[in-house]
Protein chains: 2
Amino acid sequence: MPTNLQIHLDNRPAGEATADNFKLVTSQTPALADGQVLVRHHYLSLDPYMRGRMNDTKSYTAPQALHEVMGGGTVGEVIESRSDKFAVGDKVVGMGGWQQYSVVDAAAPGALTKLDTSRIPLSAYLGAVGMPGVTAWYGLLKIIEPKAGETMVVSAATGAVGSAFAALSKSRGCRTVGIAGGPDKCRYAVDELVFDACIDYKLHPNAASLSRALKEACPNGIDGYFENVGGMVLDAVLSRMNAFGRIAVCGMIAGYDGAPLPMSNPALILLNRLKVQGFIVSEHMEVWPEALQELGTLVATGKLRPRESIAQGLETAPEAFLGLLKGKNFGKQLVKLC
Amino acid sequence: MPTNLQIHLDNRPAGEATADNFKLVTSQTPALADGQVLVRHHYLSLDPYMRGRMNDTKSYTAPQALHEVMGGGTVGEVIESRSDKFAVGDKVVGMGGWQQYSVVDAAAPGALTKLDTSRIPLSAYLGAVGMPGVTAWYGLLKIIEPKAGETMVVSAATGAVGSAFAALSKSRGCRTVGIAGGPDKCRYAVDELVFDACIDYKLHPNAASLSRALKEACPNGIDGYFENVGGMVLDAVLSRMNAFGRIAVCGMIAGYDGAPLPMSNPALILLNRLKVQGFIVSEHMEVWPEALQELGTLVATGKLRPRESIAQGLETAPEAFLGLLKGKNFGKQLVKLC
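Colleague: Can you break down helix H3 (residues 160-170) of chain B residue by residue, with the values?
Modeller: Residues and elements named next belong to chain B. With 10 of 11 residues buried, H3 lies mostly within the body of the structure. Among the residues of H3, those classed as buried are Ala160, Val161, Gly162, Ser163, Ala164, Phe165, Ala166, Ala167, Leu168 and Ser169. On its buried face, H3 sits against helix H2 (131-144), strand S8 (151-155), strand S9 (175-180), strand S11 (222-227), helix H8 (288-300) and strand S15 (332-336).

Colleague: Outline the environment of A:Ser27, supporting the account with residue identities and numerical values.
Modeller: One can find A:Ser27 in strand S2 (residues 22-28). Sequence-wise, A:Ser27 and A:Thr57 are 30 residues apart; in three dimensions their C-alpha atoms are separated by 29 Å.

Colleague: So what about the interface of chain B and chain A? Which residues, and what values?
Modeller: Contact residues are listed per partner, giving 27 residues for chain B and 27 residues for chain A. Breaking the side of chain B that touches chain A down by element, the ones donating at least two residues are helix H7 (267-271) and strand S13 (275-278) of chain B. Across three bridges, strand S13 (residues 275-278) of chain A lies against S13(B) in antiparallel orientation. If you follow A:Gln277 over to S13(B), its bridge partner there is B:Lys275.

Colleague: Lay out the relation of the copies chain B and chain A with the relevant residues and their values.
Modeller: By a simple turn and slide, chain B fits onto chain A: the slide is 0.0 Å along the axis, the RMSD is 0.0 Å, and the turn is 180°. Here the symmetry operator amounts to a two-fold rotation axis. Both copies contact each other with a shared surface, as 100% of the interface residues of chain B are interface residues in chain A too.

Colleague: Explain the sheet that holds strand S12 (residues 241-249) of chain A to me, using residue names and the numbers behind them.
Modeller: Reading across from one edge, S10(A)-S9(A)-S8(A)-S11(A)-S12(A)-S13(A)-S13(B)-S12(B)-S11(B)-S8(B)-S9(B)-S10(B) is the order of the 12 strands in this open sheet, with mixed pairing throughout. Of all the strands in the sheet, just strand S10 (197-200) of chain A together with strand S10 (197-200) of chain B have a single pairing partner and so form its edges. Put simply, the sheet's adjacent strands are angled 15° from each other on average, direction ignored. As defined by bridge partners, strand S11 (residues 222-227) of chain A adjoins S12(A) across five bridges and the pair is classed as parallel. From the neighbouring strand, A:Tyr225 faces S12(A), where its bridge partner is A:Ile247.

Colleague: Describe the confidence of the model for chain A, with residues and values.
Modeller: Model confidence for chain A is summarised by a mean pLDDT of 95, while 99% of its residues fall at 70 or above. ipTM for the predicted complex: 0.90, alongside a pTM of 0.92.

Colleague: So, the domain arrangement of chain A: which residues are in play, and what are the values?
Modeller: All names here are of chain A. According to the domain assignment, chain A consists of domain 1 (3-126 + 306-336) and domain 2 (131-282). Distance from the C-alpha centre of domain 1 to the C-alpha centre of domain 2: 28 Å. Contacts between domain 1 and domain 2 engage 15 residues on the former and 16 residues on the latter. Class assignment for the residues of the side of domain 1 that touches domain 2 results in six nonpolar, five polar and four charged.

Colleague: Pulling in residues and values, what's your account of the packing of helix H2 (residues 131-144) of chain A against helix H3 (residues 160-170) of chain A?
Modeller: Residue and element names in this part refer to chain A. Where H2 contacts H3, the axes come no closer than 8 Å and their chain directions differ by 50°. What the angle tells us is that H2 and H3 run oblique. At the point where H2 passes H3, the crossing takes the right-handed sense. Contacts from Pro132, Gly133, Thr135, Ala136, Trp137 and Leu140 of H2 reach H3 at Ala160, Val161, Ala164, Phe165, Leu168 and Ser169. Classifying every residue of the contact of H2 with H3 gives nine nonpolar, three polar and no charged.

Colleague: Tell me what's going on with unusual backbone geometry, and back it up with residues and numbers.
Modeller: You will see that A:Arg273, though not glycine, has its phi angle at about 45°, which is positive. The backbone phi angle of B:Ala156 is positive, close to 50°, even though this residue is not glycine. Locating B:Ala156 in the fold gives a position in the loop between S8 and H3. According to the C-beta neighbour criterion, B:Ala156 is buried, with 27 such atoms within 10 Å.

Colleague: Which residues make up the pairing of S8(B), and what values do they have?
Modeller: All names here are of chain B. The buried fraction of S8 amounts to five of the five residues, a majority that puts the element mostly inside the structure. Here five bridges tie S8 to S9, and the two strands are oriented parallel to one another. Note that in S9 the partner of threonine 151 across the bridge is arginine 175. Taking the sense of rotation as the criterion, the β-α-β connection linking S8, H3 and S9 turns out right-handed.

Colleague: Explain the nonpolar core to me, and be specific about the residues and the numbers.
Modeller: One finds A:Ala164, A:Val237, A:Ala317, A:Val335, B:Ala164 and B:Val237 to be the most contacted residues of the largest nonpolar core, which totals 213 residues. Each residue touching A:Ala317, except ones within four places of it in the same chain, is listed here: A:Ile7, A:Leu44, A:Leu46, A:Trp98, A:Ala311 and A:Val335.

Each value, and the rule that gives it
- In this numbering scheme, every chain counts its residues from 1 along its sequence in written order.
- Think of it this way: whatever chain is written first is A, whatever ligand is written first is 1, and the rest follow in order.
- This being a predicted model, a pLDDT of at least 70 is required before a residue's local features are given, and a value of 80 or more before pairs of side-chain atoms are given or counted; all residues contribute to the totals for chains, interfaces and linings.
- Counts of 20 or more other C-beta atoms within 10 Å of a residue's own C-beta define buried residues, counts of 12 or fewer define exposed ones, and intermediate counts define partly exposed ones; C-beta atoms are placed from the backbone.
- Note on conventions: DSSP H or I runs of at least 4 residues are helices, E runs of at least 2 residues are strands, and numbering of each starts at the N terminus.
- In this description, a residue-residue contact is defined by the distance between C-beta atoms placed from the backbone, which must lie within 7 Å.
- Two strands make a pair as long as DSSP finds a minimum of two bridges between them.
- Least-squares superposition aligns the copies on the C-alpha atoms of those residues with pLDDT at or above 70 in both.
- Inter-axis angles, ranging from 0 to 180 degrees, are taken between N-to-C directions of lines fitted to C-alpha atoms, where helices are fitted over the stretch in contact.
- pLDDT: the predictor's confidence for each residue, scored from 0 to 100.
- All the domain ranges listed were derived from an automatic or database domain assignment.
- Side-chain classes follow a simple rule in which Ala, Val, Leu, Ile, Met, Phe, Trp, Tyr, Cys and Pro form the nonpolar group, Asp, Glu, Lys and Arg form the charged group, and the remainder, Gly included, forms the polar group.
- When an angle is under 35 degrees it counts as roughly parallel; over 145 it counts as roughly antiparallel; between 65 and 115 it counts as roughly perpendicular; any other value is oblique.
- Here a crossing is called left-handed whenever its near helix is offset anticlockwise from the far helix by less than a right angle, and right-handed whenever the offset is clockwise.
- Looking down the strands as they point away from you, a crossover is right-handed if its path from the first strand over the helix to the second goes clockwise.
- By definition, a nonpolar core groups buried Ala, Val, Leu, Ile, Met, Phe, Trp, Tyr and Cys residues that connect through C-beta atoms lying within 7 Å of each other.

This is the structure:
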């Protein structure tokens, strides 16, 4: 029974989350019961939604419990099995949490999925071919419903969701414009991802300035917007939406710490007959097979080559996570666990 | 050729609209050309959307032109005809504007519609069985899509749209709660319209206070909201929306003068996976026949008996209109022209 490093939520943030909210704990993996498997995690996924779960407020998921392992998506390998569903050596994705190992009831529906790593790298199943990819797919295809020739915009453009969004949007014939923080990310978005243009929001002191940049990058206005950040970026994009535009609201990372960020001019929703819709991809499991099929093909054929930021070792997870909330990551943020 | 009193837009408001923005003008009705009819207006409809058109800003309709007759819906009687489509004596509804008479090309599609006043009073075609009624119908049935047992809320509850909304919502088995200004309107909403409860927003100094009142009136939360006002009321309702709630945005009257009113916490759209959608009923002419059929039956059978505020004479239209923007009207605001 291997020693299992874990990170627990020790206390809840008052305002901005800090490293002190987390606690590194050493435990032992328990012996397996019938039907269980032991998974050694290779990668842990860090995602913005985890910040919301650190608060003890009504939300779409129960809050992260105090003094328990932080929840999170993991990929890894079955190293011990008392289930006939999984064999030692199987590569799997699950919700193993912020720890090195997890014990999983193999029969629980959706708890663990076997992966084919012959054409798709293991870590991609936490990004482009996992929850972030399906998130982009759902928002684009089920809420925005793009038409060829329309203009699509996504914030946090070089992240796991943004990069998948761009590949999906371009393949449907849409002009695709990103918003990201800093010249390196913007260059990467255009040179290595498939964005037609990318705007560095850090160059803009306010929504009016960002709105002018959007006008230049989107000469025909904006028909679809995939919202990851909120605040000033949302205000600026709203000011450029075309009549009958659609906004898929996936995240509002800018408001996760502290006071809510307002939307300055909601009357634009009426003025331009917009549809603004929030969604949580885990509530739409029915689309995952179709979405993963398309996303897997994009990755396997090299049409979607998302970048990864990889922190080394479980101990680094809190710092990497706090960096993610500030946009310090570049591409999908992972923690390599072995 | 009768003398025709008109009200023109003389200049645009800087902030709040005032009576000085309007000008009373005396003109003559021109002689009819072939295919034209002369309509004598009985009633002029005053509606909040007219305030938006007084500004010279990009919107869903062209701004009201300066030094021309203010646009607006009218019902009246054909008093002279050079068209075989209409006979003298026909009762009609059209967009005659703020004036006593209009000359209409009878062949222009949708310009003039003949009315049956045997079961439905003429003025109702500007309210419950006209644009406001269809507005309520579209927002409820095409955007909110109510299910029996759900809770629906509408602001400006005793107005032309709100009263139609209540009749339609109740007939679909929904708990229906209004928000209105003052004890008289709230009593009327419950005693004479079909609201289950009505909240007087004037009793509440802020959104938190109004939110508490909504919690009491809507013990199961809010599934659908028909938005007519914006500002504090929108913030309060948002805080009580259930997961997968729908908000039809029809008006934001509170923000028509001056600076836009923000939405305090747009992250609730994500948190509760809401759909917030703006619409303009004139862009959905395909639903009008079905909607008017249902609304006409509700009125003819006494199930919808909306109240009217009737100002006397064209000269009173500006003051009545400014009062409407402040909620001084009680029910559908009309101006009686003859």
